[in-house]
Structures are given as C-alpha cells and as structure tokens.
Amino acid sequence: MTQSQTAAPAAPTIDFKPWPALFALVLGFFMILVDMTIVTVATPTIMDKLHASSTDVIWVTSAYMLAYAVPVLITGRLGDRFGSKYLYLAGLTVFTLASLWCGLTATVGALIIARVVQGLGASMMTPQTMAIITRIFPAHQRGSAMAVWGATAGVAMVVGPIAGGVLTDAFGWEWIFFVNVPVGVIAFAAAFKLVPSLPTHPHRFDWLGVALSGAAMFLLCFGIQEGHQHHWAGWIIAMIAGGLVLFVVFVLWQRMNKREPLVPLGLFEDRNFSVSNVAITCMGSIGASFGFPLMFYAQGVRGDNPTQAALLMFPMAIMSILLAKFVGGLTDRLHPRLITGFGFAVSLIGFLYLMYEIRPEAAVWEIAIPMVLIGIGNAFIWAPTAATANRNLPMHLAGAGAGVYNATRQVGSVLGSAAIAVLMASRLSAHHLGGGNGSPEGGANQVPAFLAHPFAQAMQQAMWLPAAAYALGFIAVMFYEKPKHEGFGGAAAAGAGH
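Cut-offs and rules
Residues numbered from 1 in each chain as written. Predicted model: local features only at pLDDT ≥ 70, side-chain atom pairs only at ≥ 80, totals over all residues. Heavy atoms only, no water. Helix = DSSP H or I, 4+ residues; strand = E, 2+ residues; numbered from the N terminus. Rg over C-alpha atoms; globule rule 2.2 N^0.38 Å. Buried < 20%, exposed > 50% of the residue type's maximum accessible area, 1.4 Å probe, protein only. Lys, Arg positive; Asp, Glu negative; His and termini not counted. Charge placed at Lys NZ, Arg CZ, Asp CG, Glu CD. Contact = heavy atoms within 4.5 Å. Polar contact = N/O pair within 3.5 Å; in protein donor to acceptor, adjacent residues only side chain to side chain. Phe/Tyr/Trp six-rings, centres within 6.5 Å; stacked < 30°, edge-to-face > 60°. Lys NZ or Arg CZ within 6 Å of the ring centre and 35° of its normal. Core = buried A, V, L, I, M, F, W, Y, C linked by side-chain atoms within 4.5 Å.

**Q** Now, about the overall build of the protein chain: what can you tell me, with residues and values included?
**A** Within the protein chain one finds 22 helices and zero strands. Relative to a compact globule of 498 residues, whose C-alpha radius of gyration would be 23 Å, the protein chain shows 22 Å and is just as compact. In terms of principal-axis extent, the alpha carbons of the protein chain reach across some 65 × 45 × 40 Å. Considering the protein chain as a whole, with its 498 residues, one finds that 62% of them fall into the buried category. Averaged over its 24 positive side-chain charges, the protein chain has a centre that lies 12 Å from the centre of its 20 negative ones.

**Q** Which residues make up the environment of Trp235, and what are the values?
**A** Here Trp235 shows up in helix α11 (residues 234-256). When near neighbours in sequence (up to four residues on either side) are disregarded, Trp235 contacts Phe222 and His230.

**Q** Outline the side chain of Thr152, supporting the account with residue identities and numerical values.
**A** Summarising the element assignment, Thr152 is placed in helix α7 (residues 139-170). Side-chain polar atoms of Thr152 contact the backbone oxygen of Val148, separated by 2.8 Å. If we ignore the near neighbours within four places in the chain, the residues touching Thr152 are Val26, Phe29 and Phe30.

**Q** Which residues make up the packing of aromatic side chains, and what are the values?
**A** If you walk through the whole model with that rule in mind, you get 16 aromatic pairs. Plain terms: the ring middles of Trp175 and Phe178 are 5.2 Å apart, the flat faces sit at 80 degrees to each other, and that makes the pair edge-to-face. Linking Trp175 with Phe178, this pair stays in helix α8 (residues 175-178), spanning three residues, or about one helical turn. Where Phe326 meets Phe380, the ring centres are 6.4 Å apart and the plane angle is 70 degrees; that geometry is what we call edge-to-face. Taken as a pair, Phe326 in helix α15 (residues 314-330) and Phe380 in the loop between α17 (364-379) and α18 (382-389) lie far apart in primary sequence, 54 residues in all. One aromatic cluster is present, formed by Phe290, Phe344, Phe351 and Tyr470 through successive ring pairs. The ring of Phe82 carries the charged tip of Arg81 above its face, separated from the ring centre by 5.0 Å. Across from the ring centre of Tyr64, 4.3 Å away, lies the NZ or CZ of Arg115, which sits over that ring.

**Q** Please set out the side chain of Arg359 residue by residue, giving values where relevant.
**A** With respect to the element layout, Arg359 can be found in the loop between α16 (336-357) and α17. On the accessibility criterion, Arg359 (18% relative accessible area) is buried. With near-sequence residues (within four places) excluded, Arg359 lies in contact with Tyr297, Glu366 and Ala456.

**Q** Give a detailed account of the nonpolar core, specifying residues and quantitative values.
**A** Ranked by size, the top nonpolar core spans 120 residues in total, and within it Phe290, Tyr297, Phe351, Leu354, Met371 and Tyr470 carry the most contacts. Ranked by residues supplied to this core, first place goes to helix α2 (residues 18-50) with 18 residues. The residues contacting Phe290, other than those within four sequence positions of it, are Met313, Met316, Phe351, Leu354, Met371, Met463 and Pro466. Judged by nonpolar contacts, the second largest core, of 18 residues, contains Leu87, Phe250, Val263 and Leu267.

Listed below in structure tokens is the structure:
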C-alpha cells in the first residue's frame, strides 16, 4: 500500500458528542442483529404452527440473511453519497414496518417474503453504523468505539435466542417480530436527535457488480440449502457451479473496473483488513448455524420449552456481556493476534466440550460449563475483530470498508445457515428420523424416548460445521500484524490525555 492508503484517518472536527451518537446507533444495530438469531429458538414452533418442513422454516432465517448480505456492499456507498444518517433512518423505517408484517403473516411463504424486506432494511442500516463510528471518533478513541460496536454484534448473537424463547413461550412466535416495533420507534428518535449529519462524497455505482454478486450469492445459497431435499439433482449442482463461476467473474470485474468498483480490491492489501474479513465470515457462519441443532436437541430430546431451551445459552450471553468492557479496553493496547487467538482457541475448546454434552442424559450444569467457555472466547473475538478491520484504512474508504466487512460477515451467515440445514437434514435422514425432506419427527415436540439417542447424535454431528469454522478462524487470526496508526498501543494513552 501507498503511504496515503495506510495513513491514519484524521480526527473529525464536527462539534457534537460522539458517544451518545454511538449508543443511539448501537440500539438499532443490536435490534437487526438480534433478528438474525431470535428466530432460531422459535423454529420448531413455527414449523408446527405454519405446517412447514425444517428446510422451509430455515429459509425464514436464510432469506433474511441473504437479503441483508447482497445489497450491503452498495448501501455502504449510498450512505457516503446521500448521507449515512439518512440512509440509516430510512433502513430503520423499512425494518420496523417489515417486522410488523412478519408478525401478521399466516403462512411460511408470506413470512419468508416479509423477512426479505426486513433484510433489505437491515442492509441499509449496518454499513452506516460502522462508517459513522469511523468518521466521528478521533483516532485515540476509535478502537474503543469499534470495540463497543463489535461487542454489540457478539452479544446480539446470543441474546437473540434467549429473547426468542421468552417471547415465544409467553406470547407466541409472532411476538419475536412485534417487539421490534416499539424498539424501532425509540431507535429512530434517538438516532434522529443524536447522530450528526456528515459530509457526503460523490460516488459512481457499480450496478454490474451488484448484479453479479447478488446472483452468485443466491445461486450458491439456494443450491446448498435445497440440495439434500432434491437429492443433489443435476440442476442443483448446476446452480452451485454457476454461483461459483459468477463469483469469479465478479472478482475479475472488480479488478477490471477502473472507475469505482463495488469492492476496491486494494482494501485487501491491508493484511489486517483481510484477516478480519476471514475471521468475521467464520463468526457469521457460527452465529447463524450452531443455534439450530442446539435448539432442536433441547426441545426434541430434553423436552425443554422454548424459554428453557433458550436459557441454555444464557451463560454464553452473560459472559459476553460481562467481558465486553474489559476486552474493549484491550483492543488499543494488545496485539490483535493475542486477543483474537485466545478467543478462538477458548471458543473452540468450549464448543467441542459442548458437542460431547449433546446427549439425552446431560444435566443443565453440564451444558452450562462449555457455554461459559464459548462466551468467554466470543467476547475476545467480536470486538477486537471489528476494531482491527478498518483501523488502517483511509477515511474516504470508510463506507467501502464497512460495506465489505459487513458483507463478508453476512456471507458467512448465509452460507452457515444454508449448510446447517443440509447437515441437519442429512444426519436426520441417516438416522431414519425424518421424511424425504429431512424434517425431524415431532417439530417442537419431544421425540419418543427410543429416538432420543439417535436424534441427539444427529444434532451433535451437525455441529461439526461451526466447530470447523472456529478452527478456521483461529488459523486466520494468527496472520494479524500490529496495527499501523497512532491509536494503537502507547499512542492511544497519549492521545487520550490531550
């Protein structure tokens, strides 16, 4: 990279209070991330109430993630062009109204369509939060601010299932969406009042890049998720192959486009940005995948109701929350390889321990111990990864960098959600526990006692997917290097004193 590309962004000169603005943004960001996992614990209930298969009901999550992932590259640029604050508010409005629509649906098809619209609203919001934070905080505070943003993502991933369980049990599955309406109104008012209007930058929009990336993602995810149900027919294989080809074409087009590509490939010349994108793709995959087999195990084998099943994740959530501030304070002082390497290692150990405990006779405390370990590890991953991703990037690429980072996280989420559907259906069929489409017997009901062991074994085997993602993430973060700008290490403390 050139010196101009790696130099630290200058501190903003706009006169306002950045921390209240951050917390206003975090409220809306937390809500849209909770909606990635809040459906997980309600999935068996939705299957029963809407008479859907396991593959169909997982599309309720996958459709949201896909609609979230595909436009997020262009929405980062739209925020730069038309104003990050106003695009955030527009996306929040779309998301909130779509949440109301989700709760009013009566068929799984209508719910999937409403979730697509909800995902579009989320895609408008997410890049703006990261880009605004990058622009409103001075260098010596940017690491801590991005740590709050990253910790929010981590906490939301585990709070979602707990909230989903409580709401589903108390009021019905529809309320996992209705609850967004009052929260959305409060978040809109807070952002309108506290978030500043920032200068805009003219951009050319790479619509061909949008089309290529969107088509590639859809073909890949649809093919992977529907493959088992259609016995990996030739047209399914063709879809997956077509998606891979289009992805290659997309990358080549980004390289050829000399005007303003959707993904400036020069971003990846910064090693830390590249490593962060690999790490967050792994975490997106984990967050979107491991809750499904865990919730089916809890409700189908243990006989837990949605609230009880969701509370199995409470130790993970509480550790992520308790450690968020402590880890945030480390991001400007310690090498990111040390922090995130520790996080991935501890999470992987905890997750392998959890898989061992996925058995019919496991007591709650036996599941709680590995959940504590996973929560500790996750706290050392989410915030430092986000803080490190954009730390070296120039200010004029804040929107592009935020868009790419969030897009890769969503790509991981979409692929993780699609792949776990395949693994669950495959393992259930292998144990003779599902119909031709891999739907588990019983839905939200407890399986007969003689099926409890093979059902638990099927869910345990499906969990090798997130375990592999933790291992890949650990390998990736070993390639982090020391951040370049003055906000890192001793300079951070010095800057804070001025």
